[in-house]
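Okay, here's what each chain looks like letter by letter:
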Amino acid sequence: TGAVKGVGRQLYRAVLATETVSTPGTPAGPAAGTLGTSYGYTTGGATSSLGDAVEYRFDWGDGSYSTWSSATSAAHTWAAAGMYSVKVQARCGTHTGKVSGWSSALAVGMVSPTVMVLIPAGSFNMGSIVEPPENPIHSVYLDAYLIEKYEVTFAQYDVFCGTTGRSLPSDSGFGRGNHPVINISWYDAKAYCEWAGRRLPTEAEWEKACRGGTDTDYSWGDSMGLAGTYAWDVYNSGGMSHPVGEKAANPIGLYDMHGNVSEWVEDWYSSEYYISSPSSNPVGPSVGNEKVLRGGHWWHVVENLRSAFRRLPSVPDTRSSMCGCRCAKTP
């Protein structure tokens, strides 16, 4: 009997020695996100050659791992901005020393969350009497929304390009880093905002944010002489954009709304849209040939920095050293 048991143990060990665990599938989940948010990833497909159940663990690429589990999904929150290679490994749930190789990696880009300002629900006066496309002044109600405190920078946009395989836009010799991203089309701006878990603001959202509770020509009042305190324009920019946030903020803490670079918004453009636009949450015409750009830029005269100024429509595939974006979000 003992001999029989010994033979059985030997056979068992021989079979166990040949056990293999196949490599699991590449993890699936968000390829980009912002710090402080938990993101979930899934895998699967690994098997034991003995038919035993398998377990998985995720390598998050930042020196940490999920615990071994029979679950095919796990979540993680990254603590630092950067690019991470997320991969997964499997093992036999019974014979835990039998481990597979690592799966192919999923590249995940994490960016620092840009500070956003909450714009409470309510009405404001949109437009002006200065130019026909801004007529008439009309009351617009908007639901609450969030908008970024700063224009999107090259530092942020370059991570997006690295993650998605897009070509880096030119900085036109102005500098990257904290300079506002430029030379991006409306399609590029929209794709970036969606990648970051946000969206482009509507034209009405942009103007309400720019005004910051004011009805004056500029968010600082009606005096053109104060422009240099709040905006980069043709008179002080030196013919180039500047790092975001170097000028004074508007009354609700938003920077560079009146200058530096003009910003793509969601809406199609119509010079007569204000005549019949909805009084609640307008989103622009349903069709059009040009998209709206709002806010003055580094080559504009002060008159074109006004909160209501809207004489800058462009076809959506336009790329210019004067145009960038900032993102909004629905709470």
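That block above? That's the structure.
Residues numbered from 1 in each chain as written. Predicted model: local features only at pLDDT ≥ 70, side-chain atom pairs only at ≥ 80, totals over all residues. Heavy atoms only, no water.

*Asks:* Can you help me understand the state of the cysteines in this one?
*Replies:* Taken as a whole and judged by the stated rule, the model has one disulfide. Covalently, Cys193 is tied to Cys327 through a disulfide, its sulfur atoms 2.4 Å apart. The disulfide joining Cys193 to Cys327 has a torsion of about -85 degrees about its S-S bond and is therefore left-handed. Here Cys327 lies in the loop between β13 (323-324) and β14 (328-329) and Cys193 lies in helix α3 (residues 186-195), a separation of 134 residues in the sequence. Across the pair, Cys327 and Cys193 agree in class, each one buried. (Disulfide = S-S within 2.5 Å. Helix = DSSP H or I, 4+ residues; strand = E, 2+ residues; numbered from the N terminus. Buried < 20%, exposed > 50% of the residue type's maximum accessible area, 1.4 Å probe, protein only.)

*Asks:* Any chance you could explain the pattern of salt bridges here in plain terms?
*Replies:* For side chains bearing opposite charge, pairing can occur when the charged atoms are close. Scanning all chains against the criterion turns up 15 salt bridges. Put simply, Glu207 and Arg211 hold a salt bridge, and the shortest N to O gap is 3.0 Å. In this pair, Glu207 and Arg211 are both assigned in helix α4 (residues 203-211), four residues apart and thus about one turn of the helix distant. Like Glu207, the residue Arg211 is buried in the burial classification. One salt-bridge network, held together by shared partners, links Glu203, Glu207, Arg211, Arg294 and Arg310. (Salt bridge = Lys/Arg side-chain N within 4 Å of Asp/Glu carboxyl O.)

*Asks:* How should helix α2 (residues 154-164) be read in this particular structure?
*Replies:* Helical geometry note: an α-helix holds 3.6 residues per turn, so side chains three or four residues apart project in the same direction. Taken together, the buried positions of α2 are occupied by Phe154, Gln156, Tyr157, Phe160, Cys161 and Thr163. Residue Gly165 follows α2 closely and has a positive phi angle near 80 degrees.

*Asks:* Explanation requested: the side chain of Ser314 in the structure shown.
*Replies:* Tracing the backbone through its elements, the reader meets Ser314 in the loop between β12 (291-294) and β13. By relative accessible area, Ser314 is classed as buried at 16%. Leaving out residues up to four positions away in the same chain, Ser314 has contacts with Trp264, Glu290, Lys291 and Leu293. (Contact = heavy atoms within 4.5 Å.)

*Asks:* Hey, could you run me through the pairing of strand β11 (residues 262-268) in this one?
*Replies:* Looking along a regular strand, one sees the side chains alternate between the two faces of the sheet. Most of β11 is tucked away, with five of its seven residues classed as buried. Pairing between β11 and β13: two bridges, direction parallel. Bridged to Glu263 within β13 is Gly324. Direction of pairing for β11 relative to β12: antiparallel, over a ladder of three bridges. Each residue of the ladder has a partner; that of Trp264, found in β12, is Leu293. (Pairing = 2+ DSSP bridges.)

*Asks:* How do you make sense of α4 when you look at a structure like this?
*Replies:* With nine of nine residues buried, α4 is to be regarded as a mostly interior element. All buried positions along α4 are accounted for by Glu203, Ala204, Glu205, Trp206, Glu207, Lys208, Ala209, Cys210 and Arg211. Directly after α4, the chain includes Gly212, whose backbone phi takes a positive value near 60 degrees.

*Asks:* Please explain the packing of aromatic side chains as it appears in this structure.
*Replies:* The description of an aromatic ring pair rests on the distance of the ring centres and on the angle between the ring planes. All told, the structure shown has 17 aromatic pairs when counted by the stated rule. Ring centres 5.2 Å apart and planes at 5 degrees place the aromatic pair Phe58 and Trp60 in the stacked group. Residues Phe58 and Trp60 agree in their burial class; the two are buried. Put simply, the rings of Tyr41, Phe58, Trp60, Trp78 and Tyr84 pair up and form one aromatic cluster. The positively charged end of Lys247 is found above the aromatic ring belonging to Trp232, 4.2 Å away from the centroid. Above the ring of Trp268, the side-chain terminus of Lys291 is found at 3.9 Å from the ring centroid. (Phe/Tyr/Trp six-rings, centres within 6.5 Å; stacked < 30°, edge-to-face > 60°. Lys NZ or Arg CZ within 6 Å of the ring centre and 35° of its normal.)

*Asks:* Help me understand the side chain of Ser307 in this model?
*Replies:* Mapping Ser307 onto the fold places it in the loop between β12 and β13. Sequence-distant contacts of Ser307, that is, excluding residues within four places in its chain, are made with Trp206, Glu207, Cys210, Arg211, Thr216, Asp217, Tyr218, Ser219, His258 and Arg294.

*Asks:* Can you help me understand the nonpolar core in this one?
*Replies:* Grouped burial of nonpolar side chains is what soluble globular proteins tend to show. Residues Val152, Tyr157, Phe160, Tyr192 and Trp195 are the most contacted members of the largest nonpolar core, which totals 28 residues. Counting residues per element, the ones that place at least two in this core are α2 and α3. Of all the elements, α3 adds the most residues to this core, at six residues. Aside from chain neighbours lying at most four places away, what touches Phe160 is Arg166, Asp188, Ala191, Tyr192 and Trp195. (Core = buried A, V, L, I, M, F, W, Y, C linked by side-chain atoms within 4.5 Å.)

*Asks:* What exactly am I supposed to notice about the sheet that holds strand β10 (residues 145-148) here?
*Replies:* Paired through backbone hydrogen bonds, the strands of a sheet run either parallel or antiparallel to each other. Taking strand neighbours across the sheet as the criterion, the three strands line up as β7-β10-β14 in an open arrangement whose pairing is antiparallel. Each edge of the open sheet carries a strand with a single partner, namely β7 (116-119) and β14. Two strands pair when backbone bridges link them, and β10 and β14 are joined in this way by two bridges, in the antiparallel orientation. The residue bridging Ile147 from the neighbouring strand is Ala328, located in β14. Taken strand by strand, α4 contacts β7, β10 and β14, and its axis lies near 70 degrees from that of β10. (Axes fitted to C-alpha atoms, helices over the stretch in contact; angles between N-to-C directions.)

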